[in-house]
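Single-letter residue listing:
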Protein chains: 2
Amino acid sequence: MSAIEELIRLIKHLPGMGEKSATRLAYHLIRSDESYNKALGSAIASIKEKIHPCPICGCYTEDDICQYCADGQRDKTLLCIVEEPQDVLSIASSGAYNGLFHVLGGAISPLDGIGPDALSFPGLMKRIEEGTFRELIIATNPTEEGDTTALYIRHLLKDRDDITLTRLASGLPIGGDLGYADKLTLARSLRGRVRL
Amino acid sequence: MSAIEELIRLIKHLPGMGEKSATRLAYHLIRSDESYNKALGSAIASIKEKIHPCPICGCYTEDDICQYCADGQRDKTLLCIVEEPQDVLSIASSGAYNGLFHVLGGAISPLDGIGPDALSFPGLMKRIEEGTFRELIIATNPTEEGDTTALYIRHLLKDRDDITLTRLASGLPIGGDLGYADKLTLARSLRGRVRL
């Protein structure tokens, strides 16, 4: 197999890459700056060595504990619970949240064989018992799996009347158009942020 | 800048990659197999060292001359002229062509400041003078620039009555639907392969 064919074969394994787009990308790299290719290649090859999950919240970090858990300025009464590590970045970069995070590692999905045991609920419960949280914002995806996971967390915390459980509001995307919204989204947008 | 941010920044420089898709790809790589990341990273970093243009036709190769120029079994009376090196792969993998290739390195585009001097016409003329070609298949793109380039080649060869110039047929894509074809494509499809 030639070097180009091998490069195309490897690129095709990335999500969303078919034969055509992988070929286009490979030829783009041949025309690219050599120093850029070396930087990108080295960043890809070394990312897993540099990154590991934060032992407290589960988001990715290069340090002993992540920047959010280590930041004394963040609100320790607020905990935002997400499915995946990248969700932490999405919410943090919205600029509208200054509390702590907890990464579950997925959502409950019986059809995919993912039960509560596969997710980091023990770590979550330990943090809640030892912490000073007043509100848990359950920021799982607005899908059946995400909703199921939110309900499971409500079940786990049914005896903790001192902690408020909230869910991210679903509704119209900013810049969206009422005419293009599906009925479910529209119905949700009428209700706004829902107390569980 | 953290390792993830740096990886996202580098991925964003690839064509068709925005902030969201670069972030998704970076997090995918974090979850990927380490050996795959190392293979992909190394393939990207080393591609420009391994590959260079064939000194005869201009397509990319790892050898002194490319597999098509080196192949004694190919029809030396047929020359297919393309814009970019990747076009050689597209045409070769169609399985419908067994002649030689010539890569121009682009198409004539006065608006982009690309005149005939920027393309490999001297090499093309030298090959035609020294070669045994009976037909030149001008496989530049079916665009204004590609058509201009085809007309320029006809101009260069106006005294060579012994060589037939042809152009790839434009028309309906296989599996396409008449109802979805634009008028220009439909008009071209009525004419079929056009003699210049």
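These numbers were taken from a predicted model, which means no experiment stands behind them. (Residues numbered from 1 in each chain as written. Chains lettered and ligands numbered in written order. Predicted model: local features only at pLDDT ≥ 70, side-chain atom pairs only at ≥ 80, totals over all residues. Heavy atoms only, no water.)

### Details of a negative patch on the surface
Alright, step 1. A cluster of acidic residues, Glu5(A), Glu62(B), Asp63(B) and Asp64(B), forms a negative patch at the surface.
Alright, step 2. Along the polypeptide, Asp63(B) turns up in the loop between β2 (60-61) and α4 (67-70).
Alright, step 3. Since its relative accessible area comes to 47%, Asp63(B) is described here as partly exposed. (Patch = residues over 30% accessible without salt bridge, like charges linked within 9 Å, V, L, I, M, F, W, Y side chains within 5 Å. Areas by Shrake-Rupley, 256 points an atom, 1.4 Å probe, with all protein chains shown as cover. Salt bridge = Lys/Arg side-chain N within 4 Å of Asp/Glu carboxyl O. Lys, Arg positive; Asp, Glu negative; His and termini not counted. Charge placed at Lys NZ, Arg CZ, Asp CG, Glu CD. Helix = DSSP H or I, 4+ residues; strand = E, 2+ residues; numbered from the N terminus. Buried < 20%, exposed > 50% of the residue type's maximum accessible area, 1.4 Å probe, protein only.)

### Quick look at the packing of aromatic side chains
Within a pair of aromatic rings, the relevant descriptors are the distance that separates the centres and the angle that separates the planes.
Residues and elements named next belong to chain B.
Alright, step 1. All chains considered together, the criterion is met by eight aromatic pairs over all chains.
Alright, step 2. Seen from their ring centres, Tyr 68 and Phe 101 are 5.1 Å apart, and the 70° between their planes marks the pair as edge-to-face. Remark: Phe 101 occurs in strand β4 (residues 99-103) and Tyr 68 occurs in helix α4; sequence separation between them is 33 residues.
Alright, step 3. You can call Phe 101 buried: its relative accessible area is 1%. (Phe/Tyr/Trp six-rings, centres within 6.5 Å; stacked < 30°, edge-to-face > 60°.)

### Regarding the layout of surface pockets
Empty space among the atoms can be located by rolling a probe the size of a water molecule over them.
Alright, step 1. In this model, the largest pocket occupies a volume close to 910 Å³.
Alright, step 2. In this structure, the largest pocket is lined by 33 residues; those nearest its centre are Lys20(A), Asp87(B), Leu89(B), Ser90(B) and Ile91(B).
Alright, step 3. Of all the secondary structure elements, the ones that give two or more residues to the lining of the largest pocket are α1 (3-12) and α2 (19-31) of chain A together with β3 (75-82), α5 (85-93), β5 (135-138) and β6 (164-167) of chain B.
Alright, step 4. Ranked by residues supplied to the lining of the largest pocket, first place goes to α5(B) with six residues.
Alright, step 5. One number sums up the size of the second largest pocket: a volume of about 500 Å³.
Alright, step 6. Along the walls of the second largest pocket sit 22 residues, with Gln86(A), Asp87(A), Ser90(A), Ile91(A) and Lys20(B) positioned nearest its centre. (1 Å grid on protein atoms, 1.4 Å probe; cavity = no way out; pocket = protein on both sides within 12 Å on 5 of 7 lines; lining within 4 Å. Points joined across faces, edges and corners; volume = space filled by probe spheres on them.)

### What to know about the confidence of the model for chain A
Alright, step 1. Across chain A, the average pLDDT comes to 89, with 89% of residues at 70 or higher.
Alright, step 2. Overall fold confidence (pTM) sits at 0.75, and the ipTM for the predicted complex is 0.75. (pLDDT = per-residue confidence, 0-100.)

### A look at the relation of the copies chain A and chain B
Alright, step 1. The two copies are related by a screw operation: chain A maps onto chain B through 180° of rotation and 0.0 Å of translation along the axis, at an RMSD of 0.1 Å. Both chain copies can therefore be described as sitting about a two-fold axis. Scanning chain A for the C-alpha nearest the rotation axis identifies Gly41(A), at a separation of 1.8 Å.
Alright, step 2. A share of 100% of interface residues in chain A that are also interface residues in chain B marks the association as one of identical surfaces. (Least-squares fit on C-alpha atoms with pLDDT ≥ 70 in both. Contact = heavy atoms within 4.5 Å.)

### Topic: empty space enclosed by the protein
Alright, step 1. For the structure shown, the criterion picks out one cavity of 30 Å³ or more.
Alright, step 2. Of the volumes computed, that of the largest cavity is approximately 80 Å³.
Alright, step 3. Along its surface, the largest cavity is lined by Ile11(A), Leu14(A), Leu25(A), Leu29(A), Leu40(A), Ile44(A), Ile11(B), Leu14(B), Leu25(B), Leu29(B), Leu40(B) and Ile44(B).
Alright, step 4. A class-by-class count of the residues in the lining of the largest cavity yields 12 nonpolar, no polar and no charged. (Nonpolar A, V, L, I, M, F, W, Y, C, P; charged D, E, K, R; others polar.)

### Examining the interface of chain A and chain B
When the parts of a complex come together, some accessible area is lost, and that lost area is often taken as the interface size.
Alright, step 1. Counting residues at the interface gives 40 residues for chain A and 40 residues for chain B.
Alright, step 2. Area buried by chain A at its contact with chain B is led by Tyr27(A), Ile44(A) and Lys48(A), which between them contribute 16% of it.
Alright, step 3. The closest approach of N and O atoms between Lys38(A) and Glu49(B), which form a salt bridge, is 2.5 Å.
Alright, step 4. Looking at the side of chain A that touches chain B, the elements that each hand over two or more residues are α1, α2, α3 (34-50) and α5 (85-92) of chain A. (Buried area = accessible area lost by both parts, 1.4 Å probe.)

### Some thoughts on the sheet that holds β4(B)
The strands that make up a sheet are held in pairs by hydrogen bonds between backbone atoms, and each pair lies either parallel or antiparallel.
All names here are of chain B.
Alright, step 1. Overall, parallel pairing links the four strands, which are arranged β4-β3-β5-β6 in an open sheet. In this open sheet, the two strands that pair with only one neighbour each are β4 and β6. Strand after strand, the sheet turns through a mean of 25° between neighbouring axes, direction not considered.
Alright, step 2. Pairing analysis gives five bridges linking β3 to β4, with the strands arranged parallel. Note on β4: the bridge partner recorded for Val 82 is Val 103.
Alright, step 3. Sheet contacts for α5: β3 and β4; angle to β4, the most-contacted strand, approximately 155°.
Alright, step 4. Strands in contact with helix α7 (residues 144-156) are β3, β5 and β6; relative to β6, the strand with the most contacts, it is inclined by about 175°. (Pairing = 2+ DSSP bridges. Axes fitted to C-alpha atoms, helices over the stretch in contact; angles between N-to-C directions.)

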